[in-house]
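Remarks on the overall topology
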Amino acid sequence: MKILVANRGEIALRIMRTCWELGHQSVAIYSEGDQKAQHTRYADESVCIGPAQAALSYLNIERVIAAAIQTGAQAIHPGYGFLSENPAFARAVEDAGLIFIGPRPETIALTGDKLAARKAAREAGLPVLPGSDNPLDENQSDPSQQAITFPVLVKAVSGGGGRGIRLVHNLEELQQMVTAARQEAQAAFGDNAVYLEPLVQQARHIEVQILGDGQGHVLCLGERECSIQRRRQKLIEEAPAPNLSRALRKELHGAAVRLGRSLAYRSLGTVEFLLDNLGKYYFIEINPRIQVEHPVTEMVTGIDLVRAQLELVEYGSFKLKQEHISPRGWAIEARVLAEDPDLGFLPVTGEITHLQEPAGTGIRLDSALFLGMCVTADYDSLIAKVIAWAEDRPSAIRRLQRGLGEFKIGGIPTDIGFLQQVLQSPIFQDGRADTTYLDTFQPVEPLDREDVQREVALAAAMLMDQTQVAPRDVRSNDGNNWLMTAWREQM
Amino acid sequence: MTIYRVSVGNREYQVEVAGNRLRVDGEQIQANLTALNELGLYLLRQGDMLREMHFSNKGTNIFTALAEGRHLVAQVERQNGKARPKNSALSQSDVCAPMPGIVIKAMVQEGDFVEKGQAVVVMESMKMQMELRAPAAGEVTRIFVQPNTQVDKSTVLVKIKA
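The following paragraphs examine the structure supplied in this document. Residue numbers run consecutively from 1 along every chain, following the written order of its sequence. Lettering for chains starts from A, numbering for ligands starts from 1, and both go in the order in which the items are written. Side-chain atom pairs in this predicted model are given and counted only at pLDDT of 80 or more, local residue features only at pLDDT of at least 70, and totals for whole chains, interfaces and linings cover all residues. Hydrogens and waters are ignored; side-chain quantities use all the structure's heavy atoms.

Re the overall build of chain A
Helix and strand definitions here come from DSSP, where helices need a minimum of 4 consecutive H or I residues and strands a minimum of 2 consecutive E residues; each element is numbered from the N-terminal end. In terms of helices and strands, chain A carries 15 helices and 22 strands. Each radius of gyration is computed over the set of C-alpha atoms, and the globule rule expresses the reference value as 2.2 Å times the number of residues to the power 0.38. The C-alpha atoms of chain A give a radius of gyration of 24 Å, which matches the 23 Å a tight globule of 491 residues would have. Projected onto its principal axes, the C-alpha coordinates of chain A cover approximately 75 × 55 × 50 Å. Burial classes follow relative accessibility: with a 1.4 Å probe on protein chains only, a residue under 20% of its type's maximum area counts as buried, one over 50% as exposed, and anything between as partly exposed. Residues classed as buried in chain A amount to 57% of the 491 residues present. For this analysis, residues touch if any pair of their heavy atoms sits within 4.5 Å. A separation threshold of at least 6 residues defines the contact pool for chain A, and within that pool the share at least 24 residues apart is 64%. When the accessible area of chain A is evaluated, it comes to approximately 20100 Å², of which 48% is carbon and sulfur surface. His is not counted, nor are the chain ends; Lys and Arg add positive charge and Asp and Glu add negative charge. By convention, the charge on Lys lies at NZ, on Arg at CZ, on Asp at CG and on Glu at CD. Averaged over its 49 positive side-chain charges, chain A has a centre that lies 5 Å from the centre of its 63 negative ones. In these tables, accessible area is a Shrake-Rupley quantity obtained with a 1.4 Å probe, and a residue counts as shielded only by the protein chains included in the view.

See the structure below:
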């Protein structure tokens, strides 16, 4: 089978690796900004589909499908983000006579509508948060006519990925927040419909991985805890979830499978729940795609999720059985971002001038970084994922700390130091973090190390002195080259 | 022996270098620095202590350094000693890009005399236009500015001989 991977970066590379192992040919699509990217070079064939801006390339449905037809690909894997949750894309793929590696278009449409998904969950017997199944009436000038308990969240009906959410503390700010949320939703998702959801206090985010065959059989691959979030963006995830009773775990798994069955769910999906501090859980949403944090599930189950998806496409049913799925040990993932924690996590750009990657027992690195790569503002700031597996949670934490410590990325600041601080914190080590943890996080030790600054000063002076020229630059853009040449001429 | 004033992040140090004999803020130190590759990776040895560091050049005397997982910017200026060659590479009044962005244009030419605080470069970053100013009065010796070029943080844009 020839498979076009409609994505880029680490996930595209990851999918192509499994394609290779299963003997499938892979086709990469790349933007002009990704000409040198690893995923572009890894695939058997690559098609340039447009300029760097995602809207003109990775999000361009016509070009993606044209690339598949041009190369004779039979199937398309959407990865995560980009077009993976776009029902029009899934439909267009199938209309073109190609296989969409994921759920049916109708399922994607349903899961994309947060209220419809909520309704489906309730009908499948899952607990949902109190509130209306209907979006907030636009014509209702005073939304406070509904009985609302504060604080409350205003969420976009067509939203996702933690975006388009506003927190409202009281009646006074409700109207203004609703208006703001509508504007953001319209801009981000093309739909200004919003709804209200009560805020769950001290919530833990726990999600369950399912795999369905599209004919009513659904496997459960265990849960993940994703409570370490910064502005609703996940930063550290783990499997299994810590401090979860066997009974509650069984209930969450059962609920996810029930929902999957009721939808005759096809391919991979993740059912998200919030757990409150009283041990009650509520369905939040279902994600119809492979997720960023899927490696932690793979590490504890030993199962390649992309392989499971591809086998489903090839054979029409699972090779896997529920009895084969038996998690062992603990896995934790840390997301390495091109963001500067000292500047409020401002996304950064620049060239990777030094790269040393972690390795060793139980360390997995999902990354498309290479020396000399340019990180630009065109795409997400996630540049790599470090995952550690060990026999128990404390060992997994320790191993992840080793992995992050070994990961040297020169040329741009990253959040690695911040991740280390979170892993070191007692609350994280006890497994007691909830989704508000990072809002008020105070590191135990400051990142500032005077001794390191002193050594750098010493070395920098020695460098200047030693050679009377600056250290060899890694050639990147012509601008720097020209600068360096101009400077040497003066000597 | 040469004396350097080095700023690293929010701290400043005075470093005296005479081969392997060094002084940092007056304190005597023995250290040596070896290149591990041709790509900016070095090993600093102080007695039994080893520290791996990576340096990349961001301007004539500005480096970004990666050490112990910390990303730092170091600026080195020679303070004394050997007579400076006529067009010294080390000037105390370089105008550098404060953040990544696009250089719009230079407002001066090579050979111009500028006052301290005079606007010399216009650049745009994060949807704002800003004027970069001369940190000291002097003669503009080199302009490394091409209109509509993207620059990194700390790139030297204009050299001023104070």
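What to know about the overall build of chain B
Counting secondary structure elements, chain B contains zero helices and 17 strands. Dimensions of chain B, computed from C-alpha atoms along their principal axes, come out at roughly 50 × 35 × 25 Å. Expressed as a percentage of its 162 residues, the buried residues of chain B come to 48%. Looking at chain B alone, contacts between residues at least 24 apart form 43% of all its contacts between residues at least 6 apart. Across chain B, the centroid of the 20 positively charged side chains sits 2 Å from that of the 17 negatively charged ones.

Some remarks on the interface of chain B and chain A
It is common to report an interface's size as the accessible area lost on association of the parts. On the chain A side, the residues contacting the 62 residues of chain B number 47 residues. A 1.4 Å probe defines the accessible area here, and the buried area is the portion of it lost by two parts on being joined, summed over both. Counting the surface lost from both chain B and chain A, the interface buries some 5000 Å², and carbon and sulfur atoms represent 62% of this. A pairing counts as a salt bridge when a side-chain nitrogen of Lys or Arg comes within 4 Å of a carboxyl oxygen of Asp or Glu. For the interface between chain B and chain A, the tally reads three salt bridges. Think of a polar contact as two N or O atoms within 3.5 Å of one another; within protein, one of them needs to be a possible hydrogen donor and the other a possible acceptor, and neighboring residues in sequence only count if both atoms come from side chains. Run the count over chain B and chain A and you get ten residue pairs in polar contact (both at pLDDT 80 or more). In terms of residue count, the dominant contributor to the side of chain B that touches chain A is strand β7 (residues 49–57) of chain B (eight residues). Note that Gly is not counted as nonpolar here; it falls among the polar residues with everything else outside the nonpolar set of Ala, Val, Leu, Ile, Met, Phe, Trp, Tyr, Cys and Pro and the charged set of Asp, Glu, Lys and Arg. When grouped by side-chain class, the residues that make up the side of chain B that touches chain A number 33 nonpolar, 16 polar and 13 charged.

Considering the packing of helix α4 (residues 87–95) of chain A against helix α5 (residues 105–112) of chain A
All names here are of chain A. Structural elements are reduced to axes, namely lines fitted to C-alpha atoms, with helices fitted over the stretch in contact, and the angle between N-to-C directions of any two is expressed from 0 to 180 degrees. Closest axis-to-axis distance for the α4/α5 pair is 8 Å, and the angle between their directions is 175°. Relative to α5, α4 is oriented roughly antiparallel. Along the contact surface, α4 presents Pro87, Ala90, Arg91 and Glu94, while α5 presents Pro105, Ile108 and Ala109. Residue composition of the contact of α4 with α5, grouped by class: five nonpolar, no polar and two charged. Any angle between 65 and 115 degrees counts as roughly perpendicular, while under 35 counts as roughly parallel, over 145 as roughly antiparallel, and the rest as oblique.

Quick word on the pattern of salt bridges
Residue and element names in this part refer to chain A. This structure, assessed with the given rule, holds 36 salt bridges over all chains. Of the charged contacts in the structure, one is a salt bridge between Glu85 and Arg289, with a shortest N-O distance of 2.7 Å. Linking Glu85 in the loop between β4 (75–77) and α4 with Arg289 in the loop between β13 (281–287) and α9 (294–301), this pair joins segments that are 204 residues apart in sequence. On the accessibility criterion, Glu85 (33% relative accessible area) is partly exposed. Classification of Arg289 as buried rests on a relative accessible area of 14%. Put simply, Glu207 and Lys234 hold a salt bridge, and the shortest N to O gap is 2.9 Å.

Quick look at the packing of α5(A) against helix α6 (residues 114–123) of chain A
All names here are of chain A. Taken N-terminus to C-terminus, the directions of α5 and α6 make an angle of 100°; their axes are 5 Å apart at the nearest point. Accordingly, the angle class assigned to the pair α5 and α6 is roughly perpendicular. Where α5 abuts α6, its residues Leu110, Thr111 and Gly112 lie against Lys114, Ala116, Ala117 and Ala120. Of the residues in the contact of α5 with α6, the class split is four nonpolar, two polar and one charged.

Brief notes about the packing of aromatic side chains
Residues and elements named next belong to chain A. Centre distance within 6.5 Å is the pairing criterion for rings of Phe, Tyr and Trp, where only the six-membered ring of Trp is used; planes under 30 degrees apart are then read as stacked, over 60 as edge-to-face, and the remainder as tilted. Evaluation of the coordinates by the stated rule reveals nine aromatic pairs over all chains. Seen from their ring centres, Phe89 and Phe100 are 6.0 Å apart, and the 80° between their planes marks the pair as edge-to-face. With Phe89 in helix α4 and Phe100 in strand β5 (residues 99–100), this residue pair connects regions lying eleven residues apart in the sequence. Measuring from ring centre to ring centre gives 5.0 Å for Phe345 and Phe418, while their planes differ by 85°; the resulting arrangement is edge-to-face. In this pair, Phe345 is assigned in the loop between β15 (339–340) and β16 (346–347) and Phe418 in helix α12 (residues 416–424), connecting sequence segments 73 residues apart. What makes Phe345 buried here is its relative accessible area of 12%.

Topic: the pairing of strand β6 (residues 41–46) of chain B
All names here are of chain B. At least two bridges found by DSSP between two strands are what make those strands a pair. Pairing analysis gives four bridges linking strand β5 (residues 32–35) to β6, with the strands arranged antiparallel. Note that in β6 the partner of Leu33 across the bridge is Leu44. Hairpin connection between β5 and β6: a loop of five residues separates the two successive antiparallel strands, and Gly40 in this loop has a positive phi of roughly 95°. With six bridges joining them, β6 and β7 adopt antiparallel strand pairing. Directly across from Leu43, in β7, lies its bridge partner Glu52. Taking the residues between adjacent antiparallel strands as the criterion, β6 and β7 are bridged by two residues, where Gly47 takes a positive phi near 65°.

Some remarks on the environment of Gln201(A)
Residues and elements named next belong to chain A. With respect to the helices, strands and loops of the structure, Gln201 is situated in the loop between β8 (194–198) and β9 (204–213). Taking C-alpha positions, Gln201 is 9.2 Å from Thr435, a pair spaced 234 residues apart along the chain. Leaving out residues up to four positions away in the same chain, Gln201 has contacts with Pro151, Asp276 and Asn277.

Regarding unusual backbone geometry
Most peptide bonds take the trans configuration, and most residues that are not glycine carry a negative phi. All names here are of chain A. Look at the link from Phe150 to Pro151: it is a cis peptide, with omega at -5°. Examined against the element boundaries, Pro151 turns out to sit in the loop between α6 and β6 (152–156). In this structure, Pro240 follows Ala239 across a cis peptide bond, with omega equal to -5°. Here Pro240 is to be found in the loop between β11 (233–239) and α8 (246–262). Of note in this structure, Phe82 is not a glycine but carries a positive phi near 45°. Tracing the chain through its elements places Phe82 in the loop between β4 and α4. The exposure class of Phe82 is partly exposed, given its relative accessible area of 29%.

What about the sheet that holds strand β14 (residues 330–337) of chain A?
Residues and elements named next belong to chain A. Here we have eight strands laid out as an open sheet, ordered β13-β12-β9-β10-β11-β14-β21-β19, and antiparallel in their pairing. Strands with a single pairing partner mark the edges of an open sheet, and in this sheet they are β13 and β19 (363–367). Strand-to-strand twist across the sheet, computed as the mean angle between neighbouring axes with direction ignored, equals 25°. The pairing of β19 with strand β21 (residues 382–390) spans five bridges and is classified as antiparallel. Note on β21: the bridge partner recorded for Ser367 is Ala384.

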